[in-house]
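Structural overview
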Amino acid sequence: MRAYQLCAERKNMKILITDDEKEIRKIVRLLLESRGHEVVEAAEGEEAVAVLMNNSDIDLCIMDIMMPRMTGIEAVNKIRNFSPVPVLFLTAKSMDADKEAAYGSGGDDYLVKPFGATELLMKVDALTRRYNHYKAKGDTMDNVIKLSFGVMINPETREVFKHGELLDIRDKEMDLLLYLAANRGRAIGVEELYASVWGEMPLPSSSNTVTVHMLTLRRKLEDVPSSPKIVRTVWGKGYQID
């Protein structure tokens, strides 16, 4: 029964492939169509932005990074202004800085060229399962808070995903994350966090309580907890999500 459901999920997807190399688009199209997906193509970043603006039924975007005129990262930065569609980046670059730039722009996953057919299809399946998870619960993607580095928060179900994987976020950690996300771009001091999340007047021990919960949250969210990129420390001011 489960195998049938996964097959049905695959057949329901409409996927945009964006790559300036025609041969790459052809190969990816054949792989996706072999799984029953409907495929739309774009040859450059600007075209991908236009296609997504005019086609709200696209479920997934596979985006090359190195393209003339507008890179994939520039395109996704524009796309994130109007759409939370999952994005799988394709690129010839594999340095950590390149991955950070890809995830920081709002990408959900990352695949280095040359890639194998099995690896591509596994990543597509993982992203489409997440999409169907939201739809199965009746959630609208409009309610999802999308952070950098592949992190998504569903406030209604109080669930946090990173690159499609559900994280084990506890209640107070979730409250901290939601408060910081609601105040995105502003550094929040420890006293304000304690008063808002715990609903009590801050005491001398309150700073330690917030710090401990923040350390635990970062261990779950961050690739390198000792060098956080999602929940940053702004020295002398507090914590901030950009």
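Fair warning: this is a prediction, and the values are worked out from it, not measured in the lab. (Residues numbered from 1 in each chain as written. Predicted model: local features only at pLDDT ≥ 70, side-chain atom pairs only at ≥ 80, totals over all residues. Heavy atoms only, no water.)

Focus on the overall build of the protein chain
Which entries qualify depends on this criterion: Secondary structure elements are taken from DSSP: a helix is a run of H or I of four residues or more, a strand is a run of E of two residues or more, and numbering for both begins at the N terminus. Here a residue-residue contact requires only that any non-hydrogen atoms of the pair lie within 4.5 Å. What sets the accessible areas is the Shrake-Rupley method with a 1.4 Å probe; for residues, cover comes only from the shown protein chains.
Check the secondary structure of the protein chain and you find nine helices and eleven strands. For the protein chain, the proportion of contacts with a sequence separation of at least 24, taken over those separated by at least 6, is 54%. When the accessible surface of the protein chain is split by element, carbon and sulfur atoms take 52% of a total near 12100 Å².

A few points about the nonpolar core
The line we're drawing: To define a nonpolar core, start from buried Ala, Val, Leu, Ile, Met, Phe, Trp, Tyr and Cys residues and group those joined through side-chain atoms within 4.5 Å. Buried means the residue's accessible area, taken with a 1.4 Å probe over protein chains only, is under 20% of the maximum for its type, while exposed means over 50%, and partly exposed covers the values in between.
Met63, Phe89, Val160, Leu177, Leu221 and Val231 are the most contacted members of the largest nonpolar core, which totals 48 residues. If sequence neighbours within four positions are ignored, valine 231 has contacts with Leu177, Leu180, Met214, Arg218, Leu221, Glu222, Tyr239, Gln240 and Ile241. Within the second largest apolar cluster, 18 residues are counted, among which are Met13, Leu31, Leu32 and Leu121.

Comments concerning the environment of valine 231
Assignment of secondary structure puts valine 231 in strand β10 (residues 231-234). Counting along the chain gives 50 residues from valine 231 to alanine 181, while the straight-line C-alpha distance between them is 9.3 Å.

Some details on the side chain of lysine 113
Note the following rule: Pairs of N or O atoms are called polar contacts if they sit within 3.5 Å, as long as, within protein, a hydrogen donor faces a hydrogen acceptor (for residues adjacent in sequence, only side-chain-to-side-chain pairs).
For lysine 113, the location among the structural elements is in the loop between β5 (109-112) and α6 (117-136). Given the relative accessible area of 16%, lysine 113 is considered buried. A polar atom in the side chain of lysine 113 sits 3.2 Å from the side chain of aspartate 64. Among all residues touching lysine 113, those that are not within four sequence positions of it are Asp19, Glu21, Ile24, Asp64, Leu90, Thr91 and Ala92.

A closer look at the pattern of salt bridges
We apply this condition: The term salt bridge refers to a pairing of a side-chain nitrogen on Lys or Arg with a carboxyl oxygen on Asp or Glu at a separation within 4 Å.
A complete count under the given rule lists 17 salt bridges for this structure. The partner of lysine 162 in a salt bridge is aspartate 223, and the shortest N-O contact between them spans 2.8 Å. Highlighted residues: lysine 162 in strand β8 (residues 159-162) and aspartate 223 in the loop between α9 (206-221) and β10, separated in sequence by 61 residues. By relative accessible area, which is 9% here, lysine 162 ends up buried. Taking the shortest distance from any N to any O, the salt bridge between glutamate 173 and lysine 220 comes out at 2.9 Å. Placement of glutamate 173 in helix α7 (residues 171-182) and of lysine 220 in helix α9 is noted, with a sequence separation of 47 residues between them. Taking the relative accessible area as the measure of exposure, glutamate 173 reaches 5% and is therefore buried.

Focus: the packing of aromatic side chains
Short version of the rule: Whether two aromatic rings pair depends on their centres lying within 6.5 Å, for rings of Phe, Tyr and Trp, where Trp uses its six-membered ring; planes under 30 degrees apart make the pair stacked, over 60 edge-to-face, and the rest tilted.
Using the criterion set out here, one finds one aromatic pair in the structure. A ring pair is formed by tyrosine 194 and tryptophan 198, whose centres lie 5.2 Å apart and whose planes are at 15°; its orientation type is stacked. In this pair, tyrosine 194 and tryptophan 198 are both assigned in helix α8 (residues 190-198), four residues apart and thus about one turn of the helix distant. In this structure, tyrosine 194 and tryptophan 198 share a single accessibility class: buried.

Overview of the sheet that holds β8
To be explicit about the condition: Each pair of strands is called paired provided DSSP finds at least two bridges between the two strands. Only C-alpha atoms enter the line fits that serve as axes; for helices the fit covers just the stretch in contact. Angles between N-to-C directions range over 0 to 180 degrees.
With antiparallel pairing, the four strands of this open sheet are ordered in space as β6-β7-β8-β9. One side of each edge strand has no neighbouring strand; the edge strands of this open sheet are β6 (145-146) and β9 (165-166). Taken together, the four bridges between strand β7 (residues 151-154) and β8 define a ladder with antiparallel strand orientation. Each bridged residue has a counterpart across the sheet, and for valine 151 the counterpart in β8 is lysine 162. Across the face of the sheet, α7 comes into contact with β6, β7 and β8 while running at roughly 105° to β7.

Description of the confidence of the model for the protein chain
Filter applied, for reference: pLDDT expresses, on a scale from 0 to 100, how confident the predictor is about each individual residue.
Mean pLDDT over the protein chain works out to 83, with 87% of the residues at or above the 70 mark. Within the protein chain, the element-level pLDDT minimum falls on helix α1 (residues 2-11), averaging 38, and the maximum on strand β2 (residues 38-42), averaging 95. In this model, residues 1-11 is a region of pLDDT below 50 whose contacts with residues beyond four sequence positions or in other chains number eleven contacts. Note that residues 136-141 has pLDDT below 50 and, in this model, nine contacts with residues that lie over four places away or in other chains.

Focus: α7
To keep it simple, the criterion reads: Under the convention used throughout, the expected extent of a helix is 1.5 Å for every residue step, that is, one less than its residue count.
Here α7 is twelve residues long and its end C-alpha atoms lie 16 Å apart, about the 16 Å a rise of 1.5 Å per residue gives. Of all the positions in α7, only Glu173, Met174, Leu176, Leu177, Leu178, Leu180 and Ala181 are classed as buried.

Re the environment of glutamate 21
Among the secondary structure elements, glutamate 21 is positioned in the loop between β1 (14-18) and α2 (22-34). In the structure, glutamate 21 is positioned 22 residues away from alanine 43 in sequence and 7.4 Å away in space, judged by C-alpha atoms.

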